[in-house]
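Inside the fold
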Amino acid sequence: MYSGSSDGESHETAAHRKIPPASSMLWVRNLRRYIGSGAGLGSEALMELETKRILLDIFKEKQQKSAEAGTIPSFYKKKPEEGSISHRVQRLAKYRFLKKQSDLLLNADDLDAMWVCLRENCVIDDATGAEKMNYEDFCHIASVCTEQIGPKCRRFFSPSNFMKFEKDESGRIAILPFYLYVMRTVSLTQARIDMSELDEDSDGFLQPQEMESYIRGLIPNLAQLRDMPAQFVQMYCRIAAHKFFFFCDPHRRGKACIKKVLLSNCLQELMELHQESEEEVTDTEQAENWFSLTSAQRICDMFLALDKDMNGTLSKQELREYADGTLTEIFIERVFDEHVRRGKTGGGNSREMDFDSFLDFVLALENKDTPEGLTYLFRCLDLQGRGYLTTADIHSLFRGGPLPACLLMFVVSGPMIIEKIFSKKRRNQKKNDR
């Protein structure tokens, strides 16, 4: 029985072995060669074969380009929900990272110790009396500071940092600019850490309320703001934060980039209030500093004085009293057209300027030499919204009366000057045509 079945299987195996594979048969090879050349195919089959070949070439080309370019990086990632595990992990990782960066910073005692090391190991210039150091002194001071302060000060004593400063004929740099560089670097890094802690969604931008919280935390450390009345703190933070957004949020998206804030002049102006004695600062300097308590109170008093009906907003008639009534009617109209949103009830008469819009208005007039101030004012002067001024625009602006001094940088005065401006423009255009 078993032997019989084994014999049957052996016969079948032998039969299979006797049949040659299809690829070895001559007629199969000839048929495949004939079909592959396309000679025996109809027009539709040839077209389909050509289409497949073209699509295959396109597919291979795209594959090659994708391999050379790499994968497209993801540009959107959904933020974790509040209270979720991923949100908690993100907050914890952010806290630990910022804590680590803060520990690497030099504190006030470290900075004092570095200044002592610099003065003890420098050389006095006989000609100027300035305290200087060459590269050998620089390396020696680096080793001394590392022993006294720790390795966290080592990064300031790199060769590239030494080359950043101006050197005399002997290759020496002054120690004071170097020390100020260290202090500013530490100050900006600390500011970035503080702002990043307030950045709730960790997107590198600060919302208005987050910027106000940052300024509120600085008030106790700013000598000129320590005696600020408690009831005025909230209003002060609102006024101070608005300047950051006026200059660092030109598209009015409601958020300011932290890097842009750190590099702006606004932060430097705010830090000037660190000076211990107000006697060192004149009344004029206090008034010019937007972040001073005197300036903030001046702006609030100005708004309250203009708000005759005490409704918290300014109408066109009330705003005309600004700067002793020197603003023309057409300019006031243009300010409301371009920079004041309509009221919820609709209609032109319901549109009034709120306090935030008034802050933009004051900032533009007081900073008219900046790109942000120029952009604000130019939109008011550009009657047709074309991005440039014509003769008719300037005539229309003068028709409402003489322009205030703050706008004379755009338009000088009188029809004769207008003709002079445009005639000069025509002459320049003729020269370019030649």
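Residues numbered from 1 in each chain as written. Predicted model: local features only at pLDDT ≥ 70, side-chain atom pairs only at ≥ 80, totals over all residues. Heavy atoms only, no water.

1. Points about the overall build of the chain
A tally of helices and strands in the chain yields 20 helices and five strands. Across the 434 residues in the chain, those meeting the buried criterion constitute 34%. When the accessible surface of the chain is totalled, it reaches about 28,000 Å², and 54% of it is carbon and sulfur. (Helix = DSSP H or I, 4+ residues; strand = E, 2+ residues; numbered from the N terminus. Buried < 20%, exposed > 50% of the residue type's maximum accessible area, 1.4 Å probe, protein only. Areas by Shrake-Rupley, 256 points an atom, 1.4 Å probe, with all protein chains shown as cover.)

2. What to know about the side chain of Arg334
Take Arg334: it is sitting in helix H16 (residues 329-339). In this structure the side chain of Arg334 is engaged in a polar contact, spanning 2.9 Å, whose partner is the backbone oxygen of Cys380. For Arg334, the residues in contact, after removing those within four places along its chain, are Arg379, Cys380, Asp382 and Leu383. (Polar contact = N/O pair within 3.5 Å; in protein donor to acceptor, adjacent residues only side chain to side chain. Contact = heavy atoms within 4.5 Å.)

3. Section: the confidence of the model for the chain
In this model, the chain carries an average pLDDT of 81, and 77% of its residues clear a pLDDT of 70 or more. Note on residues 408-418: pLDDT is under 50 here. Beyond four places in sequence and across chains, it has 19 contacts. (pLDDT = per-residue confidence, 0-100.)

4. Observations concerning a nonpolar patch on the surface
Nonpolar side chains collect at one region of the surface, where Ile54, Leu55 and Ile58 lie side by side and expose about 270 Å² of accessible area between them. Mapping Ile58 onto the fold places it in helix H3 (residues 43-69). Taking relative accessible area as the criterion, Ile58 reaches 39% and is therefore assigned partly exposed. (Patch = residues over 30% accessible without salt bridge, like charges linked within 9 Å, V, L, I, M, F, W, Y side chains within 5 Å. Salt bridge = Lys/Arg side-chain N within 4 Å of Asp/Glu carboxyl O.)

5. Observations concerning the side chain of Arg172
Take Arg172: it is sitting in the loop between helix H7 (159-163) and strand S3 (173-174). Once you skip the residues sitting within four places of it in the chain, Arg172 turns out to touch Val123, Asp125, Lys132, Met133, Asn134, Glu166 and Lys167.

6. Quick look at the packing of helix H17 (residues 355-366) against helix H18 (residues 371-381)
Where H17 contacts H18, the axes come no closer than 8 Å and their chain directions differ by 110°. By the criterion of interaxial angle, the relationship of H17 to H18 is roughly perpendicular. Only Gly373, Tyr376 and Leu377 of H18 make contact with H17, whose side of the interface consists of Ser357, Asp360, Phe361, Ala364 and Leu365. Of the residues assigned to the contact of H17 with H18, the class counts are five nonpolar, two polar and one charged. (Axes fitted to C-alpha atoms, helices over the stretch in contact; angles between N-to-C directions. Parallel < 35°, antiparallel > 145°, perpendicular 65-115°, else oblique. Nonpolar A, V, L, I, M, F, W, Y, C, P; charged D, E, K, R; others polar.)

7. Re the packing of aromatic side chains
When we look at a pair of aromatic rings, we describe it by the centre distance and by the angle of the planes. Taken as a whole and judged by the stated rule, the model has 15 aromatic pairs. Ring centres of Tyr322 and Phe361 lie 5.2 Å apart, and the angle between their planes is 70°; on these two criteria the pair is classed as edge-to-face. Of the two residues, Tyr322 is situated in the loop between helix H15 (316-319) and H16 and Phe361 in helix H17; the sequence distance between them amounts to 39 residues. Across the pair, exposure class does not vary: Tyr322 and Phe361 are buried alike. In this structure an aromatic cluster arises from ring pairing among Tyr135, Phe138, Phe157, Phe162, Phe165, Phe178 and Tyr181. (Phe/Tyr/Trp six-rings, centres within 6.5 Å; stacked < 30°, edge-to-face > 60°.)

8. What about the layout of surface pockets?
Over the atoms rolls a probe the size of a water molecule, and in doing so it shows where empty space is left. Volume-wise, the largest pocket comes out at about 740 Å³. His242, Asp249, Arg252, Asp356 and Asp360 are, among the 25 residues lining the largest pocket, the residues nearest its centre. Listed by contribution, the elements that provide at least two residues to the lining of the largest pocket are helix H9 (208-218), helix H10 (233-248), H16, H17 and H18. A class-by-class count of the residues in the lining of the largest pocket yields eight nonpolar, five polar and twelve charged. (1 Å grid on protein atoms, 1.4 Å probe; cavity = no way out; pocket = protein on both sides within 12 Å on 5 of 7 lines; lining within 4 Å. Points joined across faces, edges and corners; volume = space filled by probe spheres on them.)

9. Here we look at helix H14 (residues 293-306)
Across its 14 residues, H14 extends 20 Å between first and last C-alpha, which sits within 8% of the 20 Å expected from 1.5 Å per residue. For H14, the full list of buried residues reads Leu293, Ser295, Ala296, Ile299, Cys300, Phe303 and Leu306. (Expected span 1.5 Å × (residues − 1).)

10. What to know about the pattern of salt bridges
A complete count under the given rule lists 17 salt bridges for this structure. A salt bridge links Arg172 to Asp125, with the nearest nitrogen and oxygen atoms 3.8 Å apart. Of the two residues, Arg172 sits in the loop between H7 and S3 while Asp125 sits in the loop between strand S1 (123-124) and strand S2 (131-133), which places them 47 residues apart along the sequence. Like Asp125, Arg172 is buried. With its nearest N and O atoms 3.1 Å apart, the salt bridge here joins Asp168 to Arg172. The exposure classification of Asp168 matches that of Arg172, with both residues buried. Linked by salt bridges that have partners in common, Arg334, Asp337, Glu338, Arg351 and Arg379 make up one network.

11. Topic: the sheet that holds S2
In space, the three strands of this open sheet follow the order S1-S2-S3, with antiparallel pairing throughout. Of all the strands in the sheet, just S1 and S3 have a single pairing partner and so form its edges. One ladder, built from two bridges, connects S1 with S2; its direction is antiparallel. Following the sheet pairing, Val123 is matched in S2 by Lys132. (Pairing = 2+ DSSP bridges.)

12. Focus on the environment of Gln90
With respect to the helices and strands, Gln90 occurs in helix H4 (residues 85-103). Separated by 112 residues in sequence, Gln90 and Ser202 have C-alpha atoms that sit 9.2 Å apart.

13. A short note on the nonpolar core
Of all hydrophobic cores here, the largest spans 60 residues; its most connected members are Tyr236, Phe358 and Phe361. Top element by residues in this core is H10. It accounts for eleven residues. Ranked by size, the runner-up nonpolar core spans 24 residues in total, among them Leu118, Met133, Ile149 and Tyr179. (Core = buried A, V, L, I, M, F, W, Y, C linked by side-chain atoms within 4.5 Å.)

14. Details of unusual backbone geometry
If you check the backbone angles, Ala323 has positive phi at about 55° while not being a glycine. The phi torsion at Asp324 lies on the positive side, around 60°, for a residue other than glycine. For Asp324, the location among the structural elements is in the loop between H15 and H16.

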